[in-house]
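# Close look at the chain arrangement
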Amino acid sequence: MAQATKPALQSEADEAVVVTAHGTYDSYVGTADDDTLTGTTKRDFIFGGDGDDILTGQGGDPNPFSNAQDRYNGGAGVDTLISHPAYYYGNTFVYTSVTDSYFDKQGSHSDLIKNFQSNDVLDLTALGLERVGNGHNGDLAVTYNADENVTYVRSLDINAEGQAFEVRLEGDHAAQLGTQNFALRYDLTAESNGREHHESEKQYVISGTDGDDFLIVPKSGNIVTGGGGADEMYSGDARNTFAFEHLTDSFVNDSSGHSSVDFIHDFQLGEGDLLDVSALGFTGLGDGYNGTLNYSYDSEAGYATAQSFEADEDGNRFVVHLTQYERYPLTGLQDMDRFTFAGDSAADRANQTLTGDNYRDEFTNSTAGGILVGGGDDDLLVGNTGVDTFRYVEKSDSFRGNSDFIKNFDATQDRIDVSALGYTGLGDGTDGTLKLIYDAATHRTYLKDYEADADGHRFEISIDKNVAKTFTADNLIVADANAAHIELVGLAPADLHPIG
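Reading the values: the criteria
- For every chain, the first residue of its written sequence is number 1, and the numbers climb from 1 along that sequence.
- The predicted origin of the model limits local features to residues at a pLDDT of at least 70 and limits the giving and counting of side-chain atom pairs to 80 or more, whereas totals for whole chains, interfaces and linings rest on all residues.
- Values shown for side chains rest on all heavy atoms present in the structure; no hydrogens or waters enter the calculation.
- Any two strands are treated as partners once DSSP identifies two or more bridges connecting them.
- Starting at the N terminus, helices and strands are each numbered in turn, a helix being any DSSP run of H or I of at least four residues and a strand any DSSP run of E of at least two.
- Only buried Ala, Val, Leu, Ile, Met, Phe, Trp, Tyr and Cys residues count toward a nonpolar core, and they belong to the same one when joined by side-chain atoms within 4.5 Å.
- Relative accessibility decides the category of a residue: with a 1.4 Å probe and only protein chains considered, values under 20% of the type maximum give buried, values over 50% give exposed, and everything between is partly exposed.
- By definition, residues are in contact when any of their heavy atoms lie within 4.5 Å.
- Whenever Lys or Arg places a side-chain nitrogen within 4 Å of a carboxyl oxygen from Asp or Glu, that contact is recorded as a salt bridge.
- Each aromatic pair joins two rings of Phe, Tyr and Trp (for Trp, the six-membered one) with centres within 6.5 Å, and gets the label stacked for planes under 30 degrees apart, edge-to-face for over 60, and tilted for any other angle.
- For every residue, the predictor reports its confidence as pLDDT, a number between 0 and 100.

## Let's talk about the sheet that holds strand β22 (residues 241-243)
Paired through backbone hydrogen bonds, the strands of a sheet run either parallel or antiparallel to each other. As summarised here, the arrangement of the six strands in space is β17-β18-β20-β22-β26-β32, forming an open sheet in which the pairing is parallel. The sheet is open, and its two borders are formed by β17 (184-187) and β32 (339-340), each paired with just one other strand. Judged from the two bridges that link them, strand β20 (residues 223-225) and β22 form a sheet pairing that is parallel. Note that in β22 the partner of Ile223 across the bridge is Thr241.

## A short note on the nonpolar core
Ranked by size, the top nonpolar core spans 28 residues in total, and within it Phe242, Ile264 and Phe339 carry the most contacts. The residues touching Phe242, leaving out its near neighbours within four places in the chain, are Val217, Val224, Met233, Ser235, Ile264, Phe267, Leu274, Leu275 and Asp276.

## Examining the pattern of salt bridges
Close approach of charged atoms allows side chains of opposite charge to pair. Inspection of every chain in the model, using the stated rule, returns 17 salt bridges. Salt-bridge contacts for Asp335 lead to Arg338; the nearest nitrogen and oxygen are separated by 3.1 Å. The exposure classification of Asp335 matches that of Arg338, with both residues buried. Measuring nitrogen to oxygen at the nearest pair gives 2.8 Å for the salt bridge that ties Arg360 to Glu362. Each of Glu199, Glu201 and Lys219 takes part in a single network of salt bridges with overlapping partners.

## Thoughts on the packing of aromatic side chains
This structure, assessed with the given rule, holds 16 aromatic pairs. Between the aromatic rings of Tyr95 and Phe165, the centroid separation amounts to 5.3 Å while the plane-to-plane angle is 65 degrees, which identifies the pairing as edge-to-face. Linking Tyr95 in the loop between β8 (92-94) and β9 (102-104) with Phe165 in strand β16 (residues 164-170), this pair joins segments that are 70 residues apart in sequence. Residue classification places Tyr95 among the buried positions, given a relative accessible area of 1%.

## Quick look at the sheet that holds strand β33 (residues 353-355)
Read across the sheet, five strands follow the order β33-β35-β37-β39-β44 without closing on themselves; strand pairing throughout is parallel. A single partner strand is all that each edge strand has here, and the edge strands are β33 and β44 (476-477). Bridge analysis of strand β35 (residues 370-373) against strand β37 (residues 388-391) gives three bridges, and the strand direction is parallel. When the bridges of β37 are listed, Ile371 appears paired with Thr389.

## Points about the confidence of the model for the chain
Averaged over every residue, the pLDDT of the chain is 91; residues scoring 70 or more account for 93%. When the criterion is pLDDT under 50, residues 1-13 qualifies, and its contacts beyond four places in sequence or with other chains add up to 37 contacts. Every residue in residues 484-500 is under pLDDT 50, and counting partners more than four places away or in other chains gives 30 contacts.

## Some thoughts on the environment of Leu269
Tracing the sequence through the fold places Leu269 in the loop between β25 (262-267) and β26 (274-276). Spatially, the C-alpha atoms of Leu269 and Leu322 are 11 Å apart, while their sequence positions differ by 53 residues. If sequence neighbours within four positions are ignored, Leu269 has contacts with Thr24, Glu326, Leu330, Leu333, Gln334, Asp337, Arg338 and Leu354.

## Things to note about the pairing of strand β29 (residues 303-307)
Taking burial as the measure, the five residues of β29 include four buried ones, the bulk of the element. Bridge count for strand β28 (residues 292-298) against β29 is five bridges, and the pairing is antiparallel. The partner of Tyr297 across the bridge, within β29, is Ala304. Joining the antiparallel neighbours β28 and β29 is a turn of four residues, in which Gly302 adopts a positive phi near 85 degrees. Here β29 runs beside strand β30 (residues 316-324); their pairing, made up of four bridges, is antiparallel. Along β30, the bridge assignment pairs Ala306 with Val320.

Here's what the structure looks like:
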């Protein structure tokens, strides 16, 4: 049977359980000992590591059928995995090695899954197993033992060590278990049109070719590795992960001028889509140096770019483009939540961004605070209890007649960052200043520039209440009026705006 490395999220077992918040999900990584790990009422990735672990997921609260699909990987040992009801797509149980759950001539050494749901999925794609059958050549035999009240799901093909995969499901599932309960492999070929399974509601593990692939991703819960080439991929409805295993999966070479950059369309942060760059060693968002990625939106190009400015020994550096698609307002999420990074260090969310695009965005900041960058169009930006910073990168981000609306602005701590626009402070709205005005008729406070640009637009922001008396220069982050202009050479490309 095929073997695979552990998932990127599952680091080497440490002495203590590691819990990491990732915005749209939390991850739990166990130790080499016997661990008891209990997830939250939202989506969780739970990895047991070695030892005989007990992994418990939880349904949504108060609605147990909410979007709380968990992903379990028990690792080695005889683990107990406890499922729960989850809306529509169910939970996923991942096995990447026969030795994680198996039987041999000494008997059974397999995991027990309790409360297995009719819509739960077994991801055995790393083992080449994905369907019910006679137990041979990739098929799985399913039998129910009434004395034990256990359904056995097993391969009857023994490996060189005398082991064969097996997992036990508490209860009688023999009649109901079918193809719908297994993740499938979907390997693109040179002849693929990329649309073969895009309407499918099953979960897939998808691998691209070394060429320029086109792919419309199936609806939900898929893991996609595009491989080499400049791939063009359209995300499905929810919870799709785009994994990068090699830097050359998506890169540019500034010295040679060669580029092969993936483009992901309709990426949905709020629906749990992820970019997994953990295998490349990136640890977070930042300036694109020291193991970080720069994340920025290019309003002229119409897409966001995540990239490193550090090249490998061949001169290649990682770059990926994406367009964003959100049906609903985003609350408490940030750009960093788009990614699965290497390591488990928690970022300072108060200094992280959430970046919009050329269309109307509705963002509510997290309780930890953060930096909201609406981009173009009339965005609705809502503060929270933490320190909120509302950042403007271009004057076209908010102008009279199409201005942003900021709610819950707290003048005791929140800030508006216009330093990239060259404004130097409060004033009469001319000569690089912004005028602060309260309009009693609209019950809004405005920051206005009275000098129009070449297109006749005047920069303007509105705030949902009267803060004119409490708003001070400390609430405004401005450019240094005395700073000399210095052209930077050999750093980030001039047409991008690092905002990490």
